[in-house]
Protein chains: 2
Amino acid sequence: MGSSMETELKEIFNELNSLQNSLPDPSHQSQIHQLQCRIERLSNLAKSGGMHRSKVKDMSAEVVDSNPYSRLMALQRMGIVQNYERIRQFSIAIVGIGGVGSVAAEMLTRCGIGRLLLYDYDKVELANMNRLFFRPEQVGMTKTEAAVETLSDINPDVVFESYTLNITTVQGFETFMSSLKNKSFGPHKEGSGVDLVLSCVDNYEARMVVNQACNELNQTWMESGVSENAVSGHIQLLVPGETACFACAPPLVVASGVDERTLKREGVCAASLPTTMGVVAGLLVQNALKYLLKFGQVTPYLGYNALKDYFPTMEMKPNPQCSNSACLERQKEYILVKPARDAAARAKMEAEAQSATECPIHADNEWNISVVDDSEVAGPDVRSSGILPDGLMHELPSADGFSNLPVSGDGSNPLDDLDELRKQLEALNADKS
Amino acid sequence: MGSSMETELKEIFNELNSLQNSLPDPSHQSQIHQLQCRIERLSNLAKSGGMHRSKVKDMSAEVVDSNPYSRLMALQRMGIVQNYERIRQFSIAIVGIGGVGSVAAEMLTRCGIGRLLLYDYDKVELANMNRLFFRPEQVGMTKTEAAVETLSDINPDVVFESYTLNITTVQGFETFMSSLKNKSFGPHKEGSGVDLVLSCVDNYEARMVVNQACNELNQTWMESGVSENAVSGHIQLLVPGETACFACAPPLVVASGVDERTLKREGVCAASLPTTMGVVAGLLVQNALKYLLKFGQVTPYLGYNALKDYFPTMEMKPNPQCSNSACLERQKEYILVKPARDAAARAKMEAEAQSATECPIHADNEWNISVVDDSEVAGPDVRSSGILPDGLMHELPSADGFSNLPVSGDGSNPLDDLDELRKQLEALNADKS
């Protein structure tokens, strides 16, 4: 707003000048002069509220107060990320710009992501003000429009694309698909035009649509949700063919999705808290960063129970009887490539183990907490001895033993029990964001 | 900015009117008219960027788009919080308005907290833009001033007090203490003038000062921190006399604090991520809400390891040889009141167990995950059998068994080993926010 306001005010000032010159009466001239003083004051007011930062060509690690990326580039010096600046090459699509999606978008914007695609059809309301991001003065704007306005002020280096549409309509789904396929930002990228899709929607139907699109495009995505009582949430990684898709469950549950519009019609509304949504958005984007910049471990499923500060994790294998035909196709493809991938992963792990013996990367125990020996709790031995049900892993492995846990893809302890999947879906079903 | 701009523009418009009426020449009149049209356009522009919401007298649960509290009051209908509106009676002091403190302040503001006291001496810099909250146009403003500007726009119902000072100076400490003692907001409140202090500072010295103030005032507080490599953090509840205070550790570690200014002088800077800081702020405020509004369980210490999505918890008992004399006084007082408190807590638990048998509150398993029987993993039996070191508890108890875990105050499994405390302090020492 600041700069267009300033230009306007300057033009008004100049017109008053020419008017003043053409007026013979000194009292009129003095009136005009006073008006000009007021315009100047306004101009200063507009200026102070409209300072923007300019674009940055390269991300620098220089430690000066004026460098918006110094604290991020420091991740390299700290040994966390190998090449932080790669983040500028990535495109992320965020579906649903509500309590979780808007905060996720702000985090990625501040991290300097290359391109953000934002999808929502809703408008900002005062009833959204109990969650982070949107401000009262944006009430009435579409969420996409308000988000792009705020986000491009925060970081003009990010490329924003906003789609004000409902992906569950025929037209909306077509635009959604073609926007994901568009490769103009990174023409040489493999697969679709985006690197990751984050689902931050608040209803079952929209989740199924994101699932359909990602299965068709063989697109890795992350799902997120917050419960209607506002005190639990989850994030989940979905890799078509490799992990359970969102439809990998008996059809009997499929019809039970209740979305927020239904709740509203019935005169009730779901509870929500900025805390729970902030935590879920943080965990979601943290895992997205780990996935894209290849550091740490991406958690296949992470729950958050706010009442108890309890964070369950698990893994889910795809359902060979999944009702989604695109999922079945991806499953077939995955079975073909799996042996080669497993071999490559084993070779990589062995090489890393070798170099770790030579020079330990994480020699210091970050938490200074000695927990317990592998063999007593939480190691793969315990799981395979049947104390925990299939597919669940202990929450408290020893820090060093953690690398032994099954990661997505090795399939050693999947949750392939259909009943478990059904229960899982029911839980997701009750989620909204 | 919007409303003062609008008033100014209206006055300019009116003056142009009177000028127009006094001018005989029609060409001048038309020039004036054109100026008035421009002023009107500007006025609309200012209006769209400056709409504020008005104050709300009572928090309503009504489900309409214009109610900023509908989703929070729904916590009552959902059975999570008994009386949400009590939040308006509480005062929270936030020390340090950086990456964690600013987000914590925004969350509490959006939740409709009664009063927020904000302390910081720093200014907003572009180098802060990789964390949530501050915007580039606020660069150069003090963090307190910028925060109050943004927060009072978001929720005019909250009473803000901002203190632009360094609590580690003599003068700053005095103002800090007297501001905490001031009871004008709630004259009938027991203890100090605030209900909780949140420490969101980035150095050891400031933490020691908050500790000193809270020990002297017998003030419960919560500590938070994020590691210099940006991928771990923690929150901790400190109840003077009842839990370890921040000085409950051998003095040899006390001198080793390194703050961000030192790091900057050496030409390096700590890494930071909006994700980690958002998660830590969310966990901090969530526990603050649980503490104030009496729902769920407040976690005595909760860590966050972002690389592994690992969330360790523990408890720390006060050190009878603590170097802080105010801590020792609080410990003596606590020993006197403890038997009566324990008896009251036991009576309450028994009453609750009785009513739970009659009518189970949480009959449904929220997560739909069956984990494992108490007796096999994670129950108090395992801990007392010595598999875990003192004071550490399993991260994955069965959901139903969780209520059997020791909570702050029963003292059954404290971490009172001085060596553990020392290690713990070292870890905190390396933290900053």
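Residues numbered from 1 in each chain as written. Chains lettered and ligands numbered in written order. Predicted model: local features only at pLDDT ≥ 70, side-chain atom pairs only at ≥ 80, totals over all residues. Heavy atoms only, no water.

In the annotation of an unreviewed UniProt entry, the entry for chain A reads Ubiquitin-like modifier-activating enzyme 5, and the organism field reads Coffea arabica. Its UniProt record gives chain A a comment under Sequence similarities (unreviewed entry), which states: "Belongs to the ubiquitin-activating E1 family. UBA5 subfamily." (UniProt positions renumbered as here; feature names shortened; annotations may be inferred.)

### Quick notes on the overall build of chain A
Tallying secondary structure elements over chain A gives twelve helices and eight strands in all. Relative to its 433 residues, chain A shows a buried fraction of 57%. Excluding contacts between residues fewer than 6 apart, the proportion of contacts in chain A whose partners are at least 24 apart in sequence is 67%. For chain A, the computed accessible surface area is about 17300 Å², with 53% contributed by carbon and sulfur atoms. (Helix = DSSP H or I, 4+ residues; strand = E, 2+ residues; numbered from the N terminus. Buried < 20%, exposed > 50% of the residue type's maximum accessible area, 1.4 Å probe, protein only. Contact = heavy atoms within 4.5 Å. Areas by Shrake-Rupley, 256 points an atom, 1.4 Å probe, with all protein chains shown as cover.)

### Considering the domain arrangement of chain A
Many authors give the size of an interface as the accessible area that is lost as the parts come together. Entries for chain A in the domain assignment read domain 1 (1-48) and domain 2 (69-260 + 269-346). Taking the mean C-alpha position of each, domain 1 of chain A and domain 2 of chain A sit 49 Å from one another. (Domains from an automatic or database assignment.)

### Re the side chain of Arg131(B)
Within the secondary structure, Arg131(B) sits in the loop between strand E2 (115-120) and helix H5 (143-154). Here Asn130(B) takes part through its side chain, which lies 3.1 Å from a polar atom of the side chain of Arg131(B). Residues in contact with Arg131(B), not counting those within four places in the same chain, are Arg71(A), Arg110(A), Gly99(B), Ser272(B), Pro274(B) and Met277(B). (Polar contact = N/O pair within 3.5 Å; in protein donor to acceptor, adjacent residues only side chain to side chain.)

### Regarding helix H9 (residues 274-293) of chain A
The α-helix advances 3.6 residues per turn, and as a result positions three or four apart in sequence lie on the same side. With 20 residues, H9(A) extends 27 Å from end C-alpha to end C-alpha; this agrees with the ideal 28 Å at 1.5 Å per step. By the criterion of burial, H9(A) is predominantly enclosed, with 19 of the 20 residues buried. (Expected span 1.5 Å × (residues − 1).)

### Considering the pattern of salt bridges
Between side chains of opposite charge, pairing is possible as soon as their charged atoms come close. In total, this model carries 30 salt bridges over all chains according to the counting rule given. Where Arg88(B) meets Asp157(B), a salt bridge forms, and the shortest distance between an N and an O atom there is 3.9 Å. Of this pair, Arg88(B) sits in the loop between helix H3 (70-77) and strand E1 (91-95) while Asp157(B) is found in the loop between H5 and strand E3 (159-164), placing the two residues 69 residues apart along the sequence. Each member of the pair, Arg88(B) together with Asp157(B), is buried. One salt-bridge network, in which partners are shared between bridges, spans Glu11(A), Glu15(A) and Arg38(B). (Salt bridge = Lys/Arg side-chain N within 4 Å of Asp/Glu carboxyl O.)

### Focus: unusual backbone geometry
Across residues other than glycine, the phi torsion is negative in most instances, and most of the peptide bonds are trans. The phi dihedral of Ala230(A) is positive, around 75°, even though this residue is not glycine. Summarising the element assignment, Ala230(A) is placed in the loop between strand E5 (221-227) and strand E6 (232-238). Take Ala230(A): its relative accessible area is 0%, and that puts it in the buried class. At Lys294(B), a position not held by glycine, the phi torsion is positive, near 55°. In this fold, Lys294(B) is placed in the loop between helix H9 (274-293) and strand E7 (301-305).

### A word on the packing of aromatic side chains
Across all of its chains, the model carries eleven aromatic pairs over all chains by this definition. What links up through ring pairs into an aromatic cluster is the set Tyr304(A), Phe311(A), Tyr304(B) and Phe311(B). (Phe/Tyr/Trp six-rings, centres within 6.5 Å; stacked < 30°, edge-to-face > 60°.)

### So, the nonpolar core
Side chains of a nonpolar character, in soluble globular proteins, are inclined to be buried together. Core analysis: the biggest nonpolar cluster contains 132 residues, and Ile94(A) and Ile94(B) have the highest contact counts within it. In contact with Ile94(B), other than residues within four places in its own chain, are Gly101(B), Ala104(B), Ala105(B), Leu108(B), Leu116(B), Leu117(B), Leu118(B), Tyr119(B), Leu198(B) and Cys200(B). (Core = buried A, V, L, I, M, F, W, Y, C linked by side-chain atoms within 4.5 Å.)

### As for the pairing of E1(B)
Residues and elements named next belong to chain B. Where burial is concerned, most of E1 is hidden: five out of the five residues are buried. Of the two faces of E1, the one holding Ser 91, Ala 93 and Val 95 and the one holding Ile 92 and Ile 94 are both buried throughout. Across five bridges, E1 lies against E2 in parallel orientation. When the sheet's bridge partners are listed, Ile 94 is paired in E2 with Leu 118. The β-α-β motif built from E1, the intervening helix H4 (residues 101-110) and the parallel element E2 has right-handed crossover chirality. (Pairing = 2+ DSSP bridges. Right-handed = clockwise from strand over helix to strand, strands pointing away.)

### Some points on the environment of Lys317(A)
Residues and elements named next belong to chain A. When you line up the elements, Lys 317 lands in the loop between strand E7 (301-305) and helix H10 (325-358). On the basis of relative accessible area, Lys 317 is assigned to the partly exposed category, the value being 35%. Along the chain, Lys 317 and Trp 221 lie 96 residues apart, while their C-alpha atoms are 15 Å from each other.

### Quick look at the pairing of E2(B)
Residues and elements named next belong to chain B. Most of E2 is tucked away, with six of its six residues classed as buried. With six bridges connecting them, E2 and E3 associate as parallel partners. Each residue of the ladder has a partner; that of Leu 117, found in E3, is Glu 161. For the crossover that starts at E2, traverses H5 and ends in the parallel E3, the hand is right-handed.

### A few points about the side chain of Ser179(B)
Position of Ser179(B) relative to the elements: it lies in helix H6 (residues 170-181). For Ser179(B), a relative accessible area of 4% corresponds to the buried category.

### Here's the deal with the environment of His234(B)
All names here are of chain B. Tracing the backbone through its elements, the reader meets His 234 in strand E6 (residues 232-238). Assessed through its relative accessible area of 2%, His 234 is described here as buried. With 66 residues separating them along the chain, His 234 and Thr 168 place their C-alpha atoms 22 Å apart. Here the side chain of His 234 touches Glu 223 through a polar contact of 3.0 Å, side chain to side chain.

### Considerations on the confidence of the model for chain A
Residue and element names in this part refer to chain A. Confidence in the prediction for chain A averages 81 pLDDT; 75% of positions are at 70 or higher. In the model, residues 251-258 has pLDDT below 50 throughout and makes twelve contacts with residues more than four positions away in sequence or in other chains. The low-confidence segment residues 359-418 (pLDDT under 50) makes 130 contacts with residues lying over four places distant or belonging to another chain. Predicted complex, confidence summary: ipTM 0.75, pTM 0.75. (pLDDT = per-residue confidence, 0-100.)

### Some words on helix H3 (residues 70-77) of chain A
All names here are of chain A. The buried fraction of H3 amounts to six of the eight residues, a majority that puts the element mostly inside the structure. Taken together, the buried positions of H3 are occupied by Ser 70, Arg 71, Leu 72, Met 73, Ala 74 and Leu 75. In the stretch just after H3, Gly 79 is the one whose phi turns positive, near 80°.

### Here we look at the packing of H9(A) against H9(B)
In a packed pair of helices, the relevant descriptors are the angle between the two axes and the axis-to-axis distance. Contact geometry of H9(A) with H9(B) gives a least axis separation of 8 Å together with a crossing angle of 155°. Viewed along their axes, H9(A) and H9(B) adopt a mutual orientation that is roughly antiparallel. Remark: the crossing between H9(A) and H9(B) carries left-handed chirality. Residues Thr275(A), Thr276(A), Val279(A), Gly282(A), Leu283(A), Val285(A), Gln286(A) and Leu289(A) of H9(A) form the contact with H9(B), whose own contacting residues are Thr275(B), Thr276(B), Val279(B), Gly282(B), Leu283(B), Val285(B), Gln286(B) and Leu289(B). Tallied by class, the residues present in the contact of H9(A) with H9(B) amount to eight nonpolar, eight polar and no charged. (Axes fitted to C-alpha atoms, helices over the stretch in contact; angles between N-to-C directions. Parallel < 35°, antiparallel > 145°, perpendicular 65-115°, else oblique. Left-handed = near helix turned anticlockwise from the far one by under 90°. Nonpolar A, V, L, I, M, F, W, Y, C, P; charged D, E, K, R; others polar.)

### What to know about the state of the cysteines
All names here are of chain A. Enumeration according to the criterion identifies zero disulfides over all chains in this entry. In this structure Cys 322 is a free cysteine whose sulfur lies 3.8 Å from that of Cys 245, the closest cysteine sulfur available. Of the residues examined, Cys 322 reaches a relative accessible area of 4% and is grouped as buried. Counting only cysteine sulfurs, Cys 248 is the nearest neighbor of Cys 327, a cysteine outside any disulfide, at a range of 3.7 Å. (Disulfide = S-S within 2.5 Å.)

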